Amino acid sequence: MAKILSLIAIFFLVTTAAAQTHQRGQQQTQQQVRQQEARQCRIQQLTASQPNQRIDSEGGVTELWNEYEDQFQCAGVAPMRNVIQPNCLSLPNFSPSPRLVYIQQGQGLLGLSLPGCAETYHSGQQPGLRREQGSEQAGRQGEQRDQHQKIHRIRQGDIVALPAGVAHWCYNDGNEELVAVSVTDLNNNANQLEQKFRSFYLAGGQPQRSSLQGSPRQQQQQRETFQNVFRAFDENLMAESFNVPVEVIRRMQQEDERGLIVRVRGEEMRMIRPEEEQEYEQRRYNGLEETYCNLKIRQYLDNPREADIYSKQAGRINIVNSQKLQILNNMDMSAEKGNLYPNAMHAPHWTMNAHSVFYVTRGEAHVQVVGSNGQTVLDNRVNQGELFVVPQHFVSTIRAGNNGFEYVAFKTSGQPMKSPLVGYTSAFKAMPIQVLANSFQISTQEAQNLKYNREHQTMLLPPRAVRSF
C-alpha cells in the first residue's frame, strides 16, 4: 500500500512539474512571438512623415499616422493628432494600450473613469435635474447634485498620461482649437491583444465618410479602429442593466454620424468652478503622498525654470519621467520637450532602453540617424508638424535651423537613459586617451582634443563659427 501511495505521489509530482514546464514554455513562446512581431526593426530608411488618415467629425478632426510604416512597426507605437473645436466634446473611449498626450495648443477639461474610485467631486445643482419618485432627494426641492470623479484642467504645454483600459473624455471650454498630439505604446505589457491601434468607444464612432489610405486590407483595419462597442449589445439586456426604458437604450445605440468629436448642445458645460481650479492648483504642490485615485496625470513640460538640461547658448530640455509623474511607473512611458536655439546641436547619442518618437512643434532642423548596419537611415530636414522615430540604440544628432527648433519626444520607457558621444558624460570621455588614439589612428593630442574639447557641455551644443554639418 505504501509503495502504491509513493508511486501515486511521484506520478503526481512528475505530472505537475511537466504541466508547469509546458505552461512556462507556452508563456515564453507567446512572449517570444510577441517580441518578434513587435521588434521587426529591419530599418533601411527613416522618413519624417505627416498623417495619412483623416477622420472628420462634427466637432473636430482626428488625424492618424500610418501605423504600418516600418519605423512605427519597429517602435511598436501609433501616433495621432486630435483637433477639438471650442465647446466640443471628444466622446468617452478607452484603449488597450497606454497613451501619452502633448497639448500643443489650447486648453480644456479631461475626465478619467478610474475603476473602484469614488465620485467625490460634484458640479453643483443641475437645473431641472430631479430623481425619480421613490428615490433619495438631494435638497428640499428634489434637485440632484451631479457627482463624478476628478476632472483635470489641461493647458498648452502639458504632457498627459492616459493608462490602458481607462475610459476618458475631453471637452474644449476655451476660445481656440484644442490640439493634442499623442503616441500610443502598442507593445506595452498592458496590451495583450495584437499590435494594432484601436480605441473602444462608448458613444459615437467612426463615421462612414472617413478619408482612408493604403491597401484594401489596411483600409478595412482602419475602419475598425474607432468603433462603438455599446451599440452591439442587446437592447433589452442593456435596459435591464441600467434600469432604464428600452427607448433610451435605442436612442443611445442608434447610428451617429457626428463622429468621434461632437458639438455640445445648448449652454457650454461648466464642471469646474474657479475656486475648485484654485484648490486643484494648490493640491499639486502640497507634497502629500498620492493614492491611486488621486494620482497626477499631467505635468507642465515647457517650463524654462524647470529645465533638466540648460545651456545659455544652445537651449534647454525638459523631461517628464516616472520620478516626476508617478503614474508613468505603471505605463512605462515618458516624454521630453526640447528647445534648441538657432543653429545649436543636440549632441550625437543613443537611447539605451527606449524608442523615441519625435514630433516637431516649431521650426525646422537637419536630422541624422545611423543604424546598426553603419548606414545612415535618416539624413534630411524635418519641419513643423512632422514626426519621425529614432529606434533604440540608433545613434542620432540634430542641428536646429536658422530660426531654432522645438520638439516633443515620446519615449517607450518610464526612465529612459541616453549615452552621448560628446560632453562631460560621454562615452569617449570615459575612455583612456590611448584607447581613442589607437581606435581612430589619430595622435595623442588629437585624441585629447576629441575627449576634452566639449568637457564643459552635455547634450546641447552651441553653434561654432564654422560648421561642417
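Preceding this section is the structure that the text describes.
Reading guide: rules and limits
- Residues numbered from 1 in each chain as written.
- Predicted model: local features only at pLDDT ≥ 70, side-chain atom pairs only at ≥ 80, totals over all residues.
- Heavy atoms only, no water.
- Phe/Tyr/Trp six-rings, centres within 6.5 Å; stacked < 30°, edge-to-face > 60°.
- Helix = DSSP H or I, 4+ residues; strand = E, 2+ residues; numbered from the N terminus.
- Buried < 20%, exposed > 50% of the residue type's maximum accessible area, 1.4 Å probe, protein only.
- Pairing = 2+ DSSP bridges.
- Disulfide = S-S within 2.5 Å.
- Axes fitted to C-alpha atoms, helices over the stretch in contact; angles between N-to-C directions.
- Salt bridge = Lys/Arg side-chain N within 4 Å of Asp/Glu carboxyl O.
- Polar contact = N/O pair within 3.5 Å; in protein donor to acceptor, adjacent residues only side chain to side chain.
- Left-handed = near helix turned anticlockwise from the far one by under 90°.
- Contact = heavy atoms within 4.5 Å.
- Nonpolar A, V, L, I, M, F, W, Y, C, P; charged D, E, K, R; others polar.
- Arc of directions from axis to C-beta.

Some words on the packing of aromatic side chains
If you walk through the whole model with that rule in mind, you get nine aromatic pairs. Judged by centre distance (6.2 Å) and plane angle (90°), the rings of tryptophan 65 and tyrosine 359 are edge-to-face. Of this pair, tryptophan 65 sits in the loop between β2 (60-64) and α2 (70-75) while tyrosine 359 sits in strand β21 (residues 356-370), placing them 294 residues apart in sequence. Ring centres of phenylalanine 197 and phenylalanine 226 lie 5.7 Å apart, and the angle between their planes is 85°; on these two criteria the pair is classed as edge-to-face. Of this pair, phenylalanine 197 sits in the loop between β12 (178-185) and β13 (199-201) while phenylalanine 226 sits in strand β14 (residues 226-228), and the two are 29 residues apart along the sequence. Across this residue pair, the class does not change: phenylalanine 197 and phenylalanine 226 are buried. Through a chain of ring-to-ring contacts, three or more aromatic side chains come together here, namely Phe358, Phe388, Phe405 and Tyr407.

Focus: the side chain of serine 57
By the element assignment, serine 57 lies in strand β1 (residues 53-57). By relative accessible area, which is 11% here, serine 57 ends up buried.

Focus on the pairing of strand β19 (residues 334-340)
Taken across its seven residues, β19 has seven buried, putting it largely inside the fold. The alternating pattern of β19 places Ser334, Glu336, Gly338 and Leu340 on one face and Ala335, Lys337 and Asn339 on the opposite face, and all of these are buried. Bridge count for strand β18 (residues 315-320) against β19 is six bridges, and the pairing is antiparallel. Bridge assignment links valine 320 to a residue of β19, and that residue is alanine 335. In terms of strand pairing, β19 meets strand β24 (residues 395-411) through seven bridges, oriented antiparallel. Bridge pairing links glutamate 336 to alanine 409 in β24.

Remarks on the state of the cysteines
Throughout the structure, instances matching the rule amount to two disulfides. What pairs with cysteine 41 in a disulfide is cysteine 74, and their sulfur atoms sit 1.9 Å apart. Looking along the S-S bond of the cysteine 41-cysteine 74 disulfide, the torsion reads about 95°, which is the right-handed sense. A residue pair is termed long-range when its members are at least 10 positions apart, and cysteine 41 in the loop between α1 (2-38) and β1 and cysteine 74 in helix α2 qualify at 33 residues. Of the residues examined, cysteine 74 reaches a relative accessible area of 1% and is grouped as buried. With a sulfur-sulfur separation of 2.0 Å, cysteine 117 is cross-linked through a disulfide to cysteine 293. Between cysteine 117 and cysteine 293 the sulfur-sulfur dihedral comes to about -90°; the bridge is accordingly left-handed. Of this pair, cysteine 117 sits in the loop between β6 (107-113) and β7 (121-130) while cysteine 293 sits in the loop between α6 (274-283) and β16 (298-300), and the two are 176 residues apart along the sequence. For cysteine 117, a relative accessible area of 8% gives the class buried. The disulfide pattern of the chain is 1-2, 3-4 when the bonded cysteines are numbered in sequence order.

Here's the deal with the sheet that holds β12
Ordered in space as β1-β2-β3-β12-β5-β10-β16, the seven strands form an open sheet in which the pairing is antiparallel. Here the strands that pair on one side only, and so sit at the sheet edges, are β1 and β16. If you compare each strand with its neighbour and ignore which way they point, the axes differ by 20° on average. The pairing of strand β10 (residues 158-162) with β16 spans three bridges and is classified as antiparallel. Pairing of aspartate 158 across the sheet is with tyrosine 300, part of β16.

Here we look at the pattern of salt bridges
As enumerated under the stated definition, the model contains 17 salt bridges in all. The partner of arginine 381 in a salt bridge is glutamate 364, and the shortest N-O contact between them spans 2.7 Å. Of this pair, arginine 381 sits in strand β22 (residues 376-383) while glutamate 364 sits in strand β21, and the two are 17 residues apart along the sequence. Classification of arginine 381 as partly exposed rests on a relative accessible area of 46%.

A look at unusual backbone geometry
Peptide bonds are trans in most cases, and residues, glycine excluded, mostly fall at negative phi. The phi angle at histidine 393 is positive, at roughly 75°, despite the residue not being glycine. Residue placement: histidine 393 occurs in the loop between β23 (387-390) and β24. Residue glutamine 441 is not a glycine yet carries a positive backbone phi of 55°. Following the sequence through the fold, glutamine 441 ends up in the loop between α8 (433-440) and α9 (444-452). Relative accessible area serves as the criterion here: at 76%, glutamine 441 is assigned to the exposed category.

Concerning helix α4 (residues 235-242)
With a side-chain oxygen lying 3.0 Å from the backbone nitrogen of asparagine 236, the N-terminal cap of α4 falls on aspartate 234. Of the residues one or two after α4, asparagine 243 is the one with positive phi, at around 60°.

Overview of the packing of α4 against helix α5 (residues 246-253)
Where α4 meets α5, the closest approach of the two axes is 9 Å, and the angle between their N-to-C directions is 115°. In the crossing of α4 with α5, the sense of the turn from one axis to the other is right-handed. From α4, Glu235, Asn236, Met238, Ala239 and Phe242 reach across to α5, where they touch Val246, Ile249, Arg250 and Gln253. Looking at the contact of α4 with α5, its residues break down into five nonpolar, two polar and two charged.

Section: the side chain of serine 356
Its location among the elements puts serine 356 in strand β21. For serine 356, the side chain forms a polar contact with the side chain of lysine 411, separated by 2.8 Å. Those residues within four positions of serine 356 in sequence are excluded, and the remaining contacts are Thr351, Phe388, Val389, Val390, Phe410 and Lys411.

With respect to α8
Taken residue by residue, α8 has Ile433, Leu436 and Ala437 as its buried positions. The buried residues of α8 all sit within an arc of 100° when viewed along its axis, so they share a single face. Once α8 ends, the next one or two residues include glutamine 441, with phi positive near 55°.

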